[in-house]
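# Breakdown of the fold
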Amino acid sequence: MEPLEILDCDSPLVRDPLDAAQAATVARVFKALGDPVRLRILSIVASHAGGEACVCDITGAFELSQPTISHHLKVLKEVGLLTSERRASWVYYRAVPEQLAELSGLLSVPVTT
């Protein structure tokens, strides 16, 4: 999936309202993150040593079947939050820092007093 590509220098929530297409794109990402299992998977991958985690590191953290974990990983990849690379018989996942930074920027609102 392509990067969200909705941000310039300032957060659009502060500068301009999102248009319908931008809102739909961002909503897909937040919907993916709205599932506690997927949020935990992203956290496991992003915080893992070296910034990547083998699928075996992920499945051990859950009492879910491997196909269910694979489905959640697929959803996170489809919205562009994870990438993967097969090495021999294992698949390694890595968070996409640009996507995380873009989401962070979207929600970054200056605090006014």
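Data block above holds the structure.
Okay, so let's go over this structure. (Residues numbered from 1 in each chain as written. Predicted model: local features only at pLDDT ≥ 70, side-chain atom pairs only at ≥ 80, totals over all residues. Heavy atoms only, no water.)

### Side note on the overall build of the protein
Condition: What counts as a helix is a DSSP run of H or I of at least four residues, what counts as a strand is a run of E of at least two, and both are numbered from the N terminus. Only protein chains enter the accessibility calculation, which uses a 1.4 Å probe; a residue is then buried when its area is under 20% of its type maximum, exposed when over 50%, and partly exposed in between. Contact definition: two residues touch when any of their heavy atoms are within 4.5 Å. Residue-level accessible areas treat just the shown protein chains as cover; the underlying method is Shrake-Rupley with a 1.4 Å probe.
Per the secondary structure count, the protein includes six helices and three strands. Starting at the N terminus and walking to the C terminus, you meet the elements of the protein as α-α-α-β-α-α-β-β-α. For the protein, with 113 residues in total, the buried portion stands at 33%. Within the protein, contacts between residues at least 6 apart in sequence are counted, and of these 59% link residues at least 24 apart. Of the roughly 6900 Å² of accessible surface on the protein, a fraction of 56% belongs to carbon and sulfur atoms.

### Section: the pattern of salt bridges
Note the following rule: A pair is scored as a salt bridge if a Lys or Arg side-chain nitrogen falls within 4 Å of a carboxyl oxygen belonging to Asp or Glu.
Counting across every chain of the model gives four salt bridges. For the salt bridge of E52 with R87, the shortest nitrogen-to-oxygen distance reads 2.9 Å. With E52 in strand β1 (residues 52-54) and R87 in strand β2 (residues 82-87), this residue pair connects regions lying 35 residues apart in the sequence. Take E52: its relative accessible area is 18%, and that puts it in the buried class. In this structure, R94 and E52 form a salt bridge, with 3.2 Å as the shortest nitrogen-oxygen distance.

### Some thoughts on the sheet that holds strand β3 (residues 90-95)
The test is simple: DSSP-based pairing: two strands are paired if at least 2 bridges between them are found. To get an axis, fit a line to the C-alpha atoms, keeping to the stretch in contact for a helix; angles then go from 0 to 180 degrees between the N-to-C directions.
Judged by pairing direction, the sheet is antiparallel, and its three strands sit side by side in the order β1-β3-β2 without closing on themselves. In this open sheet, the two edge strands, each paired with only one partner strand, are β1 and β2. Within this sheet the neighbouring strands show an average axis-to-axis angle of 25 degrees, counted without direction. Those strands touched by helix α3 (residues 36-47) are β1, β2 and β3, and its axis lies near 90 degrees from that of β3.

### Brief notes about a nonpolar patch on the surface
Rule in force here: For patch building, the residue pool is restricted to those with more than 30% relative accessible area and no salt bridge; the joining distance is 9 Å between like charges and 5 Å between nonpolar side chains (Val, Leu, Ile, Met, Phe, Trp, Tyr).
A surface patch of nonpolar side chains, amounting to about 440 Å² of accessible area, comprises L13, V14, F30, L107 and V109. Among the secondary structure elements, V14 is positioned in helix α1 (residues 12-15).

### Examining the nonpolar core
Grouped burial of nonpolar side chains is what soluble globular proteins tend to show. Keep this limit in mind: As used in this record, nonpolar core signifies buried Ala, Val, Leu, Ile, Met, Phe, Trp, Tyr and Cys residues forming a set joined through side-chain atoms within 4.5 Å.
The biggest cluster of nonpolar side chains holds 24 residues, and the ones touching the most others in it are I41, I58, L73, L81, L82 and Y93. For this core, the element with the highest residue contribution is α3, accounting for five residues. Each residue touching L82, except ones within four places of it in the same chain, is listed here: I41, L42, V45, L73, L76, K77, Y93, R94, A95 and V96.

### Describing the packing of α3 against helix α5 (residues 66-78)
For any two helices packed against each other, one specifies the inter-axial angle together with the distance between the axes. Test applied: We call two directions roughly parallel when the angle between them is under 35 degrees, roughly antiparallel when it is over 145, roughly perpendicular when it lies between 65 and 115, and oblique otherwise. Throughout, the ten residues Ala, Val, Leu, Ile, Met, Phe, Trp, Tyr, Cys and Pro are labelled nonpolar, Asp, Glu, Lys and Arg are labelled charged, and all others, Gly among them, are labelled polar.
It is at 10 Å that the axes of α3 and α5 come closest, and there the two elements cross at 75 degrees. By the criterion of interaxial angle, the relationship of α3 to α5 is roughly perpendicular. For the pair α3 and α5, contact is made by V37, R38, I41 and L42 and by I69, H71, H72, L73, V75 and L76, respectively. The residue inventory of the contact of α3 with α5, partitioned by class, reads seven nonpolar, two polar and one charged.

### Focus: the packing of aromatic side chains
Inclusion rule: Centres within 6.5 Å are what make two rings of Phe, Tyr or Trp a pair, Trp counting through its six-membered ring; a difference in plane orientation under 30 degrees is then read as stacked, over 60 as edge-to-face, and the rest as tilted. Consider the ring centre and the ring normal. A charge sits over the ring if Lys NZ or Arg CZ is within 6 Å of that centre and within 35 degrees of that normal.
Tallying each qualifying case throughout the model produces zero aromatic pairs. Above the plane of the ring of Y92 lies R87, whose end atom (NZ or CZ) is 4.4 Å from the centre.

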